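# Examining the three-dimensional arrangement
The residues making up each chain are set out below.
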There are 2 protein chains.
Amino acid sequence: MTTPFTVDEIIKGIEPIDADWQARAEARTAELAIPPRALGRLHNLAEQMCAIQRSLTPAIDRKAVLVMAGDHGVARKAVSAFPQEVTLAMVQAFVAGGGGINAIARHVGAEVFVVDMGIVPEIDADIITTNYRLLVSKIAPGTFDLSEGPAMSREAAKQALLAGFSHAARLIDSGCEVLGTGDMGIGNTTPSAAIGAVITDAGLDEMVGRGTGVDEAGLARKRAVVAQALKVNQPDARDGLDVLSKVGGFEIGGIAGMILACAYRQKPVVVDGFISTAGALIAATLCPAARGYMFAGHCSEEPGHKIMLAHLGLRPILDLSMRLGEGTGGALAMGVIEGALKVFKEVMTLAEAGVVKA
Amino acid sequence: MTTPFTVDEIIKGIEPIDADWQARAEARTAELAIPPRALGRLHNLAEQMCAIQRSLTPAIDRKAVLVMAGDHGVARKAVSAFPQEVTLAMVQAFVAGGGGINAIARHVGAEVFVVDMGIVPEIDADIITTNYRLLVSKIAPGTFDLSEGPAMSREAAKQALLAGFSHAARLIDSGCEVLGTGDMGIGNTTPSAAIGAVITDAGLDEMVGRGTGVDEAGLARKRAVVAQALKVNQPDARDGLDVLSKVGGFEIGGIAGMILACAYRQKPVVVDGFISTAGALIAATLCPAARGYMFAGHCSEEPGHKIMLAHLGLRPILDLSMRLGEGTGGALAMGVIEGALKVFKEVMTLAEAGVVKA
């Protein structure tokens, strides 16, 4: 498979998931020694995986989560409960293995990689060189304030997409069978809400939520900031790159790129929460066929997330009032998906069990 | 800890979960390097586990699922889509490792034990003696038809409870840190619906569902059978043993007994779906304090399950349209609970990560 060099080449190279393998998988499910489809969505998860991997023995033994990190010019408008310095602190925590995502990834057997897509500080060179799990594709030290103009140039948006694509493709080359999306970036529910509002056409009362926990005044400020961003930038909902560049973020572009890489390479991708799904909206706007490769890990507490998922036609696997991001919901869902694959591959057939219907 | 010999001794020996450990666990959660309670229900799961295990390092490394099997006299009223012979076939499938529960239990690292609490056929002696995972506590070869009188005597109901208690206690003695409930028994959504209707006072339209998949006529027949069972037997909703004996089943009694064993020994128990929750209703009626030791693994497709869970004050961990039973939903949820414990124990503190709030 040749490596694509442009966003257009990526989009042209993506094929839909395979309906024939889907049908074969459904036939296999019907033979299992359980009442018809009695394991509900576990069957759907396994069948979608068959249609993605073109196989009746789908496997996600080798798992990785890519946590895309970026800073946001709009953070100076006090849209978050935390200061911008926390982005770097959390990147360092992930590299040290001490974040929420690290604990959950260890639990499901996934490796965690962190990408500096454009945080404000420079990470110490010796931290970078001594940690193969820390990757650097810094587009710029934070985006511009999207409430006053475009967050980044169209060229920077393409760079972010291509960087995310490359990192994901390299993991796939190294044998990863499933990727999980993750994010870190103080202020990033603000661009995510803006992307959600543009692409799903939902109102800001529904789409803008409390993020890490702003108070009433903070929420009102955040809504006003998003409203201003949409007014100032007038993003074109049909043009994913336009939306990403005007009201997005570098880590969101990276997430969109990694999703496109999974679709391009016919690998499943487990999308995490609100920020990751904003990236998925960008990816699906650029290439609707990419949706077939997506699993929605969970439904976030962030109220707009449901609307985004419905727009993408995705049903979340978990619904546990989580709102951390980092990839935690997607990683936890990998365990459920893996259980579904074991059911598909390991349960006896009705014939083997000697069961006949009344 | 002395072994209790009567149901009354068990009930007297059960202490509520520990509010002090709950408070200490909440204080620990507040120190984690994430926004306040941003992992939602994962925090609650970990804290409940601390309150059960009286520890800030709760662990469920050693897991087992006990699948209680029994047959039902009411099966002759054609309340199931499958013939009674399937109960034995599935017990044999579980022993061979080929059931849905086996696949999911392998996935989460749980052992599966199957108990013949009272299926109709005798299991071949050489299958029993060569399989330490098959246990036999046959109260009788199937219950009586509950639509024509009590399903079993009050004495038999006590025996079923005590047998379930003993099997669970032995697993706890052998080092199990968490148990999952499971069931197998053609026809057993019928007694479960009857138990649910008596104890929650819900109507039969809500409480009686399609089980493994009866058609419209079968559903109407099932509702009429449950209505008749309640009318003929007049079970006393405040007396768990009366409800179990009149409209229950041997495997449901076994499940109630294993839940009481977990509460008595201060171990967590993950309750599976509709049938298991009928057992949990019996256990909670006998001893309300036992509820603190329960986790609701999932919300079943069987419509009455939601009502049962609400009555017990339990929120299901998963909601994946599953309706197989066998313990599958509870076992799958063990993976989520274990992820929650890893977050609780392994994530850095805010101080360690160098994060301060704005």
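Overview of the structure. (Residues numbered from 1 in each chain as written. Chains lettered and ligands numbered in written order. Predicted model: local features only at pLDDT ≥ 70, side-chain atom pairs only at ≥ 80, totals over all residues. Heavy atoms only, no water.)

### Details of the interface of chain A and chain B
At the interface, 51 residues of chain A touch 51 residues of chain B. At the boundary of chain A with chain B, total buried surface from both sides reaches about 4300 Å², with 70% on carbon and sulfur atoms. The interface formed by chain A and chain B contains two salt bridges. Between Glu346(B) and Arg106(A) there is a salt bridge whose closest N-O contact spans 2.8 Å. The tally of links from chain A across to chain B stands at 18 residue pairs in polar contact (both at pLDDT 80 or more). Only helix 3 (41-53), helix 4 (85-95), helix 5 (100-108) and helix 15 (328-346) of chain A provide two or more residues apiece to the side of chain A that touches chain B. The greatest single-element share of the side of chain A that touches chain B, amounting to nine residues, is contributed by helix 15 of chain A. The residue makeup of the side of chain A that touches chain B, split by class, is 31 nonpolar, eleven polar and nine charged. (Contact = heavy atoms within 4.5 Å. Buried area = accessible area lost by both parts, 1.4 Å probe. Salt bridge = Lys/Arg side-chain N within 4 Å of Asp/Glu carboxyl O. Polar contact = N/O pair within 3.5 Å; in protein donor to acceptor, adjacent residues only side chain to side chain. Helix = DSSP H or I, 4+ residues; strand = E, 2+ residues; numbered from the N terminus. Nonpolar A, V, L, I, M, F, W, Y, C, P; charged D, E, K, R; others polar.)

### Looking at the sheet that holds strand 1 (residues 63-70) of chain B
Residue and element names in this part refer to chain B. On the basis of which strands lie adjacent, the open sheet formed by six strands has the order 3-2-1-4-5-6 and parallel pairing. At either end of the open sheet lies a strand with only one pairing partner, and these are strand 3 (134-136) and strand 6 (294-296). Between one strand axis and the next, the sheet turns by 30 degrees as a mean value, whatever way the strands run. The pairing of strand 2 (residues 110-118) with strand 3 spans three bridges and is classified as parallel. Along strand 3, the bridge assignment pairs Asp116 with Val136. Running at roughly 145 degrees to strand 4 (residues 178-184), helix 4 (residues 85-95) makes contact with strand 1, strand 2, strand 3 and strand 4 of the sheet. (Pairing = 2+ DSSP bridges. Axes fitted to C-alpha atoms, helices over the stretch in contact; angles between N-to-C directions.)

### What to know about the sheet that holds strand 3 (residues 134-136) of chain A
Residue and element names in this part refer to chain A. Read across the sheet, six strands follow the order 3-2-1-4-5-6 without closing on themselves; strand pairing throughout is parallel. Strand pairing shows two members of the sheet lacking a second neighbour, strand 3 and strand 6 (294-296), which therefore form its edges. This sheet shows a mean twist of 30 degrees between the axes of neighbouring strands, independent of strand direction. Both strand 4 (residues 178-184) and strand 5 (residues 269-271) contribute to a ladder of two bridges, which runs parallel. Counted as the bridge partner of Leu179 is Val269 from strand 5.

### Topic: helix 12 (residues 250-264) of chain B
An α-helical turn contains 3.6 residues, so a residue and the one three or four places further along point in the same direction. All names here are of chain B. With 15 residues, helix 12 ought to run about 21 Å at 1.5 Å a step, and its terminal C-alpha atoms sit 21 Å apart, in line with that. In terms of burial, helix 12 is largely enclosed, as 15 of its 15 residues are buried. A positive backbone phi angle near 60 degrees is found at Gln266, which sits one or two residues after helix 12. (Expected span 1.5 Å × (residues − 1). Buried < 20%, exposed > 50% of the residue type's maximum accessible area, 1.4 Å probe, protein only.)

These figures capture arrangement, not role.
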